[in-house]
Structure formats: C-alpha cells, structure tokens
Amino acid sequence: MSRLVVISNRLPKDDAPAGGLVFALHELLSERGGIWIGADDPSDDNRGGLKQIGSGEYDRFVFPLSHAEHEKYYLGYANSALWPTFHSRRDLMRHRADWFAAYYDVNSRIATLIAEALESDDIVWIHDYHFLPLASKLRDLKVSNKIGFFLHIPFPSTTDISALPEHTMLPEWLSAYDLLGLQTKRDVAACREYLRQTGEVELLISGGRLQWRHRTFAINSFPIGVDAVAISKAAQSAHAEVAAQVKTAGPLILGVDRLDYSKGLIQRVEGFGRYLDFYNSGDLRPTYLQIAPVSRGDVTAYQDIRQQLDEMAGSVNGSHADLDWTPIRYVRRNVSRDVIAALYRHADICLVTPLADGMNLVAKEFIAAQDPEDPGVLILSQFAGAAEQMEGALPVNPFDTDGIAAAIAKAISMPLEERKDRYRSQAQSVFSEDIAWWGQTYLHRLMDLHAA
Ligand code: ADQ
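Residues numbered from 1 in each chain as written. Predicted model: local features only at pLDDT ≥ 70, side-chain atom pairs only at ≥ 80, totals over all residues. Heavy atoms only, no water.

Participant: Any chance you could explain the overall build of the chain here in plain terms?
Facilitator: Across its full length, the chain holds 15 helices and 16 strands. Rg of the C-alpha trace for the chain: 22 Å, near the compact-globule value of 22 Å for 452 residues, within the 12% margin. The dimensions of the chain, computed from C-alpha atoms along their principal axes, are 70 × 45 × 45 Å. Going through the 452 residues of the chain one by one, you find that 57% of them count as buried. Within the chain, contacts between residues at least 6 apart in sequence are counted, and of these 75% link residues at least 24 apart. When the accessible area of the chain is evaluated, it comes to approximately 18,600 Å², of which 49% is carbon and sulfur surface. Side chains of the chain carry 45 positive and 59 negative charges; the gap between the two charge centres is 2 Å. (Helix = DSSP H or I, 4+ residues; strand = E, 2+ residues; numbered from the N terminus. Rg over C-alpha atoms; globule rule 2.2 N^0.38 Å. Buried < 20%, exposed > 50% of the residue type's maximum accessible area, 1.4 Å probe, protein only. Contact = heavy atoms within 4.5 Å. Areas by Shrake-Rupley, 256 points an atom, 1.4 Å probe, with all protein chains shown as cover. Lys, Arg positive; Asp, Glu negative; His and termini not counted. Charge placed at Lys NZ, Arg CZ, Asp CG, Glu CD.)

Set out below in structure tokens:
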C-alpha cells in the first residue's frame with residue numbers, strides 16, 4: 001500500500017487532538033499509518049527543515065514558521081481574507097498585498113521541504129484553505145505523485161470569490177491537484193460554476209472531469225463524518241456523572257461551537273430570547289448552555305463577535321433571569337470530548353445554526369450520542385453542509401430569529417414517536433457515513449484516477 005502523506009496547518013502536538021479537522025485526520029492516520037506534516041509553533045525564524053515531533057501509529061513532522069509569517073500568512077491572508085470570503089462575509093474580508101506575499105512564500109517554501117521528503121509512490125493529501133497553491137508549487141518542482149485536496153469550508157459563490165484579487169490564480173492552483181474534494185453537492189456546483197465562468201477551464205465529457213491547459217482534474221463531494229460509535233460509547237459512559245453536574249430546572253438546550261462569526265451565535269441567542277419572549281409561559285424554565293471557546297482571538301473580527309455575544313447574552317439574561325434561574329449559561333473554556341459527548345446525550349435540543357459552514361461536525365456528534373429510545377432534537381441551519389444529509393433535523397434559516405424561536409417551541413413539545421422517527425433517519429447516515437467511510441471513499445477515488 002502506498003504511503004499516505006497528509007498536510008494540514010494544524011496537527012496534534014500531543015495525544016488529545018481538538019477541533020473538527022484535526023480529530024478527523026488523527027482517526028484516519030491512526031488506522032492507516034503514514035506521515036502528517038503541519039505548522040510548528042511560531043518562532044523567531046523560519047530556517048531549517050521538517051522536524052519530527054512524534055511517531056507511533058503514524059509519524060508527525062512540523063515545518064518552521066516565523067512570528068511574522070504566523071501574523072501575515074495565518075492570521076492575515078488565511079483567516080482575515082480567505083476565511084470570511086469563503087463564508088460569504090466579504091464585508092469582513094481584509095486584504096493586504098504583504099499578507100498574500102507571505103501566504104504564497106510559505107506555500108513555496110514548504111513545497112520544497114515536502115518535495116525532498118516524498119517517495120515516488122507516496123499519495124499526498126493536502127487539507128484546507130491555508131494551502132490552495134501548494135500542489136502547483138509541488139508541480140513546479142516536478143513532483144508527479146497523486147495529490148489530493150480537501151476543502152473543509154464552503155466553496156463560495158462566484159460573486160464572493162471574485163472579491164479576492166488573487167482569485168484569477170485559482171484555475172492554475174486547483175488544477176494542479178488530481179482530486180478536489182468538497183463537502184457537499186452545493187459546493188461542487190459552486191466550484192464548477194466559478195471555473196466555468198473563468199472561461200479557462202473546460203468540462204470533459206468523460207467522467208465529468210475538468211481540464212485546464214494540459215492538466216485534467218476531478219471535483220467531487222465527500223461529506224466528512226464523525227467516529228459515531230466512539231462518540232456513542234463515550235456519551236453513555238460519562239452521562240451519569242455529567243448529568244449530575246449540570247442540574248437544570250427544565251429542558252436543556254445545548255450549543256457547542258468555536259467562537260466564530262460564521263456560527264450564527266448572535267442570531268441564535270437572539271432566537272432563544274424571542275422564544276422566551278413569545279412562547280415560554282414561565283412555568284417551564286429551559287436552560288440554554290452554550291460552550292464557545294475563543295478561537296483566533298488575535299483577529300479583530302473575532303474580538304468583535306465575543307463582545308457582541310457577551311452583550312446579547314447579558315441582555316437576554318437581564319430580561320428573563322430570576323433569583324433561582326439563569327436562562328443562558330455561557331462556558332468559554334475548552335471542555336473534554338467525553339464531557340461534550342455526555343452533554344449531547346443529556347440535552348433535549350441541540351442548536352446548530354451557522355450562517356455558513358462546510359459541514360458542522362457538532363450536528364453529527366449530537367445524533368451519534370443520543371439514546372435511540374429517548375433521543376433529543378437537532379435544530380439545524382439550512383446553511384450547514386450537514387443539512388444535505390440530515391433530513392430528519394428541524395431545519396431553520398439562521399437569519400430568521402423568530403423561526404429559531406418557533407423551532408425551539410416545536411422541539412420542546414415534540415412527541416416521543418416523532419423524535420424517534422427523526423432520530424432514525426439521521427442516525428442512519430451518521431453511523432454509516434462516518435469518519436472512516438469519508439477517508440476511504442476519498443482515497444479510493446483519488447487512487448482510481450489516472451495520473452494526469
Ligand atoms: P470547525 O469550524 O472547527 O471545523 P465543526 O465541524 O463544528 O467546526 O467542528 C468543531 C469540532 O470541535 C467538533 O468536533 C466539536 O466537538 C469540537 N469542539 C467544539 N467546541 C469545543 C470545546 N469547547 N471543547 C472541545 N471540543 C470542542 C471545520 C469546518 C467545518 C467542518 C470541519 C471538518 O469549519 O465546517 O465540518 O472543519 O471538516
């Protein structure tokens with residue numbers, strides 16, 4: 001079997017990987033073996049080669065990153081230009097030529113390091129928006145290995161992506177991969193439409209592949225999954241202890257997100273406030289527990305969302321709290337995965353209301369953790385990639401705060417039989433299209449493609 005070489009910005013520095021992408025890849029590499037290359041913690045300079053930081057089921061290496069590169073490539077271009085643009089937030093996009101230069105230089109530099117480490121039949125799998133140009137830089141170095149890419153975030157509309165001054169380079173960057181993996185069919189349609197509109201990419205009749213100059217490449221959707229069986233087990237074993245800790249006077253409504261403006265937290269809190277205003281009679285005292293650890297706290301837009309959330313939650317609590325009841329509990333620290341799994345199982349409702357989201361693993365983790373005989377209700381944004389697979393969820397438009405309020409009211413009073421029916425249809429896809437299925441499906445497709 002060919003060796004798998006995975007590249008992503010983050011990789012686990014210890015044995016407890018956190019976050020969607022990192023956890024998913026850890027599971028895959030633990031099973032299959034291979035190499036994982038990611039960024040080192042920023043330091044004073046970027047000299048030196050790949051450094052091994054761990055071995056075991058798979059080997060881990062880091063490439064050096066200077067403080068200046070971290071600021072311009074990571075916080076700047078990747079997270080202040082690409083992230084908002086790809087999440088339909090052109091209004092928050094900030095662009096600076098020196099950020100792009102650093103992004104491009106980091107990709108060029110690490111291409112050289114990776115090319116030196118590659119063996120001829122290695123399969124390379126590159127992850128996410130930090131490395132869009134990486135394959136084209138590897139091709140410049142005459143690397144002819146199979147190279148795949150997976151974009152974990154949504155592919156934007158042609159209008160949004162056109163706001164990026166460098167978007168004209170995308171046909172070259174994307175066609176350097178053999179397989180472009182996206183989360184949903186909607187992303188595939190958006191990507192194909194964008195490439196068609198550039199006038200530079202041709203759709204080939206055979207197998208729906210595309211061609212840019214001499215290169216052919218494929219675009220397909222591979223909805224990422226979760227380790228549903230492990231989550232279910234963790235939820236069952238930690239449930240009693242967590243249930244004793246989280247005492248509530250009424251139904252428990254749960255939210256679990258990185259603190260990010262794409263997750264729709266402000267509208268969600270407002271929607272819960274509207275529910276309390278219009279539907280809650282007073283004798284039912286629901287608790288909305290939101291776990292939202294700070295992420296990318298050095299980026300201004302993330303500081304703003306934190307302040308807005310504090311204000312909105314304070315305002316809802318101020319209007320409705322009583323001496324013995326605080327409707328919104330807001331936890332900002334990281335919580336262990338086992339405790340989160342148990343919280344999912346304990347909750348009556350999970351609110352997943354992103355304004356834009358590649359997939360959203362929380363939605364799938366919540367379903368995996370439920371008791372099939374007494375399942376909770378998932379309220380799911382139509383803009384989460386997960387909505388394409390999870391038809392049994394209660395759908396909401398996250399911009400419609402009255403719609404969120406109505407969905408909460410419906411979920412709270414939903415009869416057991418309807419909860420079970422909805423759970424069954426969602427569990428079917430969550431347990432069968434899990435994380436192992438995702439990795440295998442992607443890699444099979446990549447290996448099936450003839451090298452260009
Ligand atoms: P994220 O934007 O990070 O992922 P998501 O898919 O919801 O979003 O994954 C978050 C993960 O972090 C979940 O596994 C969750 O359990 C965990 N988590 C959240 N809060 C936590 C906390 N306080 N403590 C510990 N763990 C916590 C990106 C894309 C998504 C895509 C994933 C995977 O933005 O759209 O689904 O990658 O492709």
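And the narrative resumes.
Participant: What am I meant to see in the sheet that holds strand E1 (residues 4-7) here?
Facilitator: Sheet strands associate in pairs through backbone hydrogen bonding, adopting either a parallel or an antiparallel arrangement. The strand order across the open sheet formed by 10 strands is E3-E4-E2-E1-E5-E6-E7-E10-E9-E8, and the pairing between neighbours is mixed. Looking along the sheet, the strands with just one partner apiece sit at the ends: strand E3 (51-54) and strand E8 (201-203). Ignoring which end each strand starts from, the neighbouring axes of this sheet average 25° apart. Examined bridge by bridge, E1 and strand E2 (residues 35-39) share three bridges and lie parallel to one another. By the bridge assignment for E2, Val-6 is matched with Trp-36. Contacting strand E7 (179-182), E8, strand E9 (210-212) and strand E10 (215-221), helix H7 (residues 185-198) crosses the sheet at an angle of about 150° to E10. (Pairing = 2+ DSSP bridges. Axes fitted to C-alpha atoms, helices over the stretch in contact; angles between N-to-C directions.)

Participant: Where do I start with the packing of helix H8 (residues 228-245) against helix H11 (residues 337-346) in this structure?
Facilitator: A pair of packed helices is characterised by two quantities: the angle between their axes and the separation of those axes. The interhelical angle for the contact between H8 and H11, taken along N-to-C directions, is 80°, at an axis separation of 7 Å. With respect to H11, the element H8 is oriented roughly perpendicular. On H11, the residues that touch Ile-231, Ala-234, Ala-235, Gln-236, Ala-238, His-239, Val-242 and Ala-243 of H8 are Asp-338, Val-339, Ala-341, Ala-342, Leu-343, Arg-345 and His-346. Residues that form the contact of H8 with H11 fall into these classes: 10 nonpolar, three polar and two charged. (Parallel < 35°, antiparallel > 145°, perpendicular 65-115°, else oblique. Nonpolar A, V, L, I, M, F, W, Y, C, P; charged D, E, K, R; others polar.)

Participant: So what exactly am I meant to see when it comes to the pairing of strand E15 (residues 377-381) here?
Facilitator: For a regular strand, side chains alternate in direction, first toward one face of the sheet and then toward the other. In terms of burial, E15 is a largely internal element, five of the five residues being buried. Pairing analysis gives four bridges linking strand E14 (residues 349-352) to E15, with the strands arranged parallel. Residue pairing across strands places Val-352 opposite Leu-380, the latter belonging to E15. The parallel pair E14 and E15, bridged by helix H12 (residues 361-368), forms a crossover whose chirality is right-handed. Here three bridges tie E15 to strand E16 (residues 394-396), and the two strands are oriented parallel to one another. In the strand pairing of E16, Ser-381 is matched with Val-396. (Right-handed = clockwise from strand over helix to strand, strands pointing away.)

Participant: What exactly am I supposed to notice about the pattern of salt bridges here?
Facilitator: Oppositely charged side chains can pair when the atoms bearing their charge come close. Within the structure shown, the criterion is met by 27 salt bridges. The partner of Asp-357 in a salt bridge is Lys-263, with the nearest N and O atoms 3.0 Å apart. Here Asp-357, found in the loop between E14 and H12, pairs with Lys-263, found in the loop between strand E11 (252-256) and helix H9 (265-278); they are 94 residues apart in sequence, far enough to count as distant. Neither residue differs from the other here; Asp-357 and Lys-263 are each classed as buried. Across the pair Arg-424 and Asp-421 runs a salt bridge whose closest N-O atoms are separated by 2.7 Å. On the criterion of helical spacing, the pair formed by Arg-424 and Asp-421 is a turn pair, its members being three residues apart in helix H14 (residues 416-432). For Asp-421, a relative accessible area of 44% translates into the label partly exposed. (Salt bridge = Lys/Arg side-chain N within 4 Å of Asp/Glu carboxyl O.)

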